[in-house]
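# Structural characterization, general
The lines below spell out each chain.
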Amino acid sequence: HQHNKLPAGSYRSTCCYCGVGCGIIVNRDRQGKISVEGDKDHPVNKGMLCSKGMNLHYTVMDTSDRLYYPEMRYNKHLPRHRVSWDQALDRTAAVFKQMIAQYGPDSVAFYASGQCLTEEYYVVNKLIKGFIGSNNIDTNSRLCMSSAVAAYKMSLGEDSVPGNYDDIEQTDCIFVAGANPAWCHPILWRRIEAAKAKNPALKIIVSDPRVTQSCAIADVHLQLMPGTDIVLHHAIGRILIETGRTDQHFLQEHTEGFAKYRDTVMQRSISSAAAICGIEEEKIYSAATMLGNAGTFMTMWTMGLNQSSVGVNKNLSLINLNLITGKIGKPGCGPFSLTGQPNAMGGREVGGLSNMLPAHRVLDNPAHRKEVENFWGGTALSDKPGLTATEMFEALNDGRLKAIWIMCTNPLVSLPDARMAEAALQKAKFVVVQEISSRPETLRYADVVLPAAAWTEKEGTMTNAERRITYLQKVNDAPGEALPDAEIICRFARKMGFHGFDFEQPADIYAEHTQLTAGTNIDITGVNYKILKERRSLQWPYPVGTTGPGTPRLFTDHKFYTSSTKAIIHTFSDDNRSVRPDPAFSLILTTGRIRDQWHTMTKTGKVSKLKQHIPAPLLEIHPEDAEQRQIRDSDIVEVSSANGVVRVKARLTTSIKKGVVFLPMHWGRILDNDLSRANNLTNRLVDKISKQPDLKYTTVQVQSYKKG
Ligand code: SF4
């Protein structure tokens, strides 16, 4: 539908925090004061905002931490000083050229973010792949979504979320696996709560080692041990098969691989599965019965499945439940991965990861490389996959990588084994940090700092978790000399002597991006700024000539993007423990978010209202585990793993499974002290397919900390 015209001083935007993608109206008064409200016309949130979204204006109004001018230093022992944009970019270009000449194009890398706008992602991806000639670009989406992406490709033939949020109001049952949307995707959860209130027959199943806020409306909570998700999903699959709840016609006509899957899941009894998962057998039966009896059901998941050394298999094992029951491609059905970041989907549209090319083209397909190469008209595209997020920092450590350009992300808090990441930046020959804020820990190690424009200070597009592209209007100017990220990258590319970066405005970048999608599964050749401004948001695919709001649902004809057009049911072992428990480290640490903070707190940490909820990191530990260690509530405890140490207060709670401890991942350094940083502890294991780190399973020991 068309949207109402807004009064002067009001602008349409999209929340820049989570992948729900809520529509926001930003109001700017004559004095330049900014306020926000939920966009009642927006199909995602219908006017609602969560605590983080509601307080977004503070992050823009408070410029006390903003970077105003470019800075640079010639020597790592000297402080940085203010320079002009030309000086900063000339020097950066000179260093990059010298590195590339001396060590080759793979000696430099860009590490970007799922919070970048699509246009920003597009130009940085074009720069490194199409002109520098390396695939060394990755983003923090590698820590977030890459297991889901790989699983979608393997099972459905394409990285494509089949359904949309409106399925919530049409479904009979939702299985929320390894996620706490009540805190991490709050407006989506408000819709689920409202759907349940309206239709008490709607069943909610939650699997999580913690009793979270999302369990408050769950009909069944499967409080499993971390790392046992595949066992659980296979057990549910077995019960669905044994009780005749599979869709034989769908299996026959539209899938491959069922017989092998059936044979595998039949090998483990439900009692054995229950013992491994640490949950009662009846609860597994109860969940399976709810799914089996549901005329329609959705599966939803996030980091509990994705952030694992077997993350892809965890994803596949859940998607298999939709496939064996034929619950996909219909209203109220489908696997639905909930994106963590606001524009992780847009980043993948442009191919902004080290193993991807634009419009979901595949790096190891020579025809795909040639298409992109011809379109860009730069250098030959390399067929060598680039370094992924964790690999970049390992390569800096061992000297293979010389220079890194970090934009819009704070890896020294978010990467696993953060002390290793910090050591890597110390060893790097050259570090560029492109940022809005002076808060990120990365700035300590930056040779060049490039100040970027924030959320309301630029225009562009983002794509949310349901394939919905939205346009963000510019509201106010950036402080000082800060520039939009896309402009910084284009200016740098021109300094490098590359053509094809002289875009006059973001709309031109977007137009080039959409042209590259022609004929692909994510064709958005019908999308441009004009139609986005009129309609506000559209769901891809949206080929030229499309009218209306786009494609709310994929696979309605049950034809998938695989070569056979059938969905693939994958089979694999359920041996899914990430790190074997070591007697010296007998507890399992799982990390995650809290309600009112976002990522590494560079934005939410500025808002005093948001600090009130949970002002400091607390280690959640079960009272029985605490008692064994003579730990009382609020004691300072030392948590240690093979990688490092954290010292925080303990919170004794029966909401965490015995044998498991939880630490929020938001805090980094407090003054000069890094002992609140959860990622000091986490291990560097990654999934062998998705290369996503295993942030949900590190074996640790916890003891009371006595000073002196
Ligand atoms: Fe922003 Fe997500 Fe909250 Fe919506 S649910 S307001 S997108 S943080």
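The model shown is predicted, which means the values in this text are computed figures rather than measured ones.

For the rest of this paragraph, the subject is the packing of helix α4 (residues 118-132) against helix α21 (residues 506-516). As a packed pair, α4 and α21 sit with axes 9 Å apart at the nearest point and diverge in direction by 65°. Taken together, α4 and α21 sit at an angle that is classed as roughly perpendicular. Seen from above, α4 lies across α21 with left-handed handedness. From α4, Thr118, Glu119, Tyr122 and Val123 reach across to α21, where they touch Pro506, Ile509, Tyr510 and His513.

Once that is clear, we can look at the pairing of strand β9 (residues 203-207). Within β9, five of the five residues are buried, which leaves it mostly tucked inside the rest of the structure. Side chains Lys203, Ile205 and Ser207 project from β9 onto one buried face, and the interleaved Ile204 and Val206 project onto a second face that is buried too. Across five bridges, strand β8 (residues 173-177) lies against β9 in parallel orientation. Looking at the pairing, valine 176 lines up with valine 206 of β9. Looking at chain direction, β9 and strand β10 (residues 220-222) are connected through three bridges and run parallel. Pairing of serine 207 across the sheet is with leucine 222, part of β10.

Whether parallel or antiparallel, the strands of a sheet pair through hydrogen bonds between backbone atoms. Taking strand neighbours across the sheet as the criterion, the five strands line up as β10-β9-β8-β12-β13 in an open arrangement whose pairing is parallel. Bordering the open sheet on either side are β10 and β13 (334-337), each of which pairs with just one other strand. The average angle at which neighbouring strand axes cross in this sheet is 15°, direction not considered. The strands touched by helix α12 (residues 281-293) are β8, β9, β10 and β12 (297-301); relative to β10, the strand with the most contacts, the crossing angle is about 125°.

Residues in contact with the ligand amount to 14 residues; listed here are only the nearest, Cys15, Cys18, Cys22, Cys50 and Gly53. Sorting the residues of the shell around the ligand by element identifies α1 (51-54) and α7 (186-198) as the ones contributing at least two each. Grouping the constituent residues of the shell around the ligand by class yields nine nonpolar, four polar and one charged.

A few words now on the UniProt feature "domain: 4Fe-4S Mo/W bis-MGD-type" (unreviewed entry) in the chain. Here, the residues flagged by UniProt with the feature "domain: 4Fe-4S Mo/W bis-MGD-type" (unreviewed entry) are residues 8-64. Here residues 8-64 is 18% helix and 28% strand, with 28 Å between the C-alpha atoms at its ends.

Turning our eyes to something else, we now look at the nonpolar core. Core analysis: the biggest nonpolar cluster contains 171 residues, and Ile205, Ile236, Leu291, Met392 and Ile404 have the highest contact counts within it. Residue contributions to this core peak at eight residues, all from α4. For isoleucine 236, the residues in contact, after removing those within four places along its chain, are Ile284, Ala287, Ala288, Leu291 and Leu321. Counting residues in each nonpolar core, the second largest holds 25 residues, with Leu619, Ile621, Ala678 and Tyr697 among its members.

Another aspect to go through is the sheet that holds strand β1 (residues 10-14). Taken in spatial order, the three strands of this open sheet run β1-β2-β3, and their pairing is antiparallel. The open sheet terminates on both sides in strands that have one partner only, identified here as β1 and β3 (34-38). Between one strand axis and the next, the sheet turns by 30° as a mean value, whatever way the strands run. In this structure, strand β2 (residues 23-28) lies alongside β3, joined through five bridges in antiparallel fashion.

Helix length check: α12, at 13 residues, gives a terminal C-alpha distance of 18 Å against a target of 18 Å (1.5 Å per residue), a fit within 8%. Those residues of α12 that sit buried are Ile284, Ala287, Ala288, Met290, Leu291 and Gly292.

On to the packing of helix α8 (residues 229-242) against α12. Contact pair α8 / α12: the axes reach a minimum separation of 9 Å and the direction vectors enclose 60°. By the angle between their axes, α8 is oblique relative to α12. Here α8 and α12 pass one another in a crossing that is right-handed. Listed contacts from α12 to Leu232, Ala235, Ile236, Ile239 and Leu240 of α8 are Ile284, Tyr285, Ala287, Ala288, Leu291 and Gly292.

What counts, and at which threshold
- Residues numbered from 1 in each chain as written.
- Predicted model: local features only at pLDDT ≥ 70, side-chain atom pairs only at ≥ 80, totals over all residues.
- Axes fitted to C-alpha atoms, helices over the stretch in contact; angles between N-to-C directions.
- Helix = DSSP H or I, 4+ residues; strand = E, 2+ residues; numbered from the N terminus.
- Parallel < 35°, antiparallel > 145°, perpendicular 65-115°, else oblique.
- Left-handed = near helix turned anticlockwise from the far one by under 90°.
- Contact = placed C-beta atoms within 7 Å.
- Buried ≥ 20, exposed ≤ 12 C-beta atoms within 10 Å, placed from the backbone.
- Pairing = 2+ DSSP bridges.
- Near = placed C-beta within 6 Å.
- Nonpolar A, V, L, I, M, F, W, Y, C, P; charged D, E, K, R; others polar.
- UniProt positions renumbered as here; feature names shortened; annotations may be inferred.
- Core = buried A, V, L, I, M, F, W, Y, C linked by C-beta atoms within 7 Å.
- Expected span 1.5 Å × (residues − 1).

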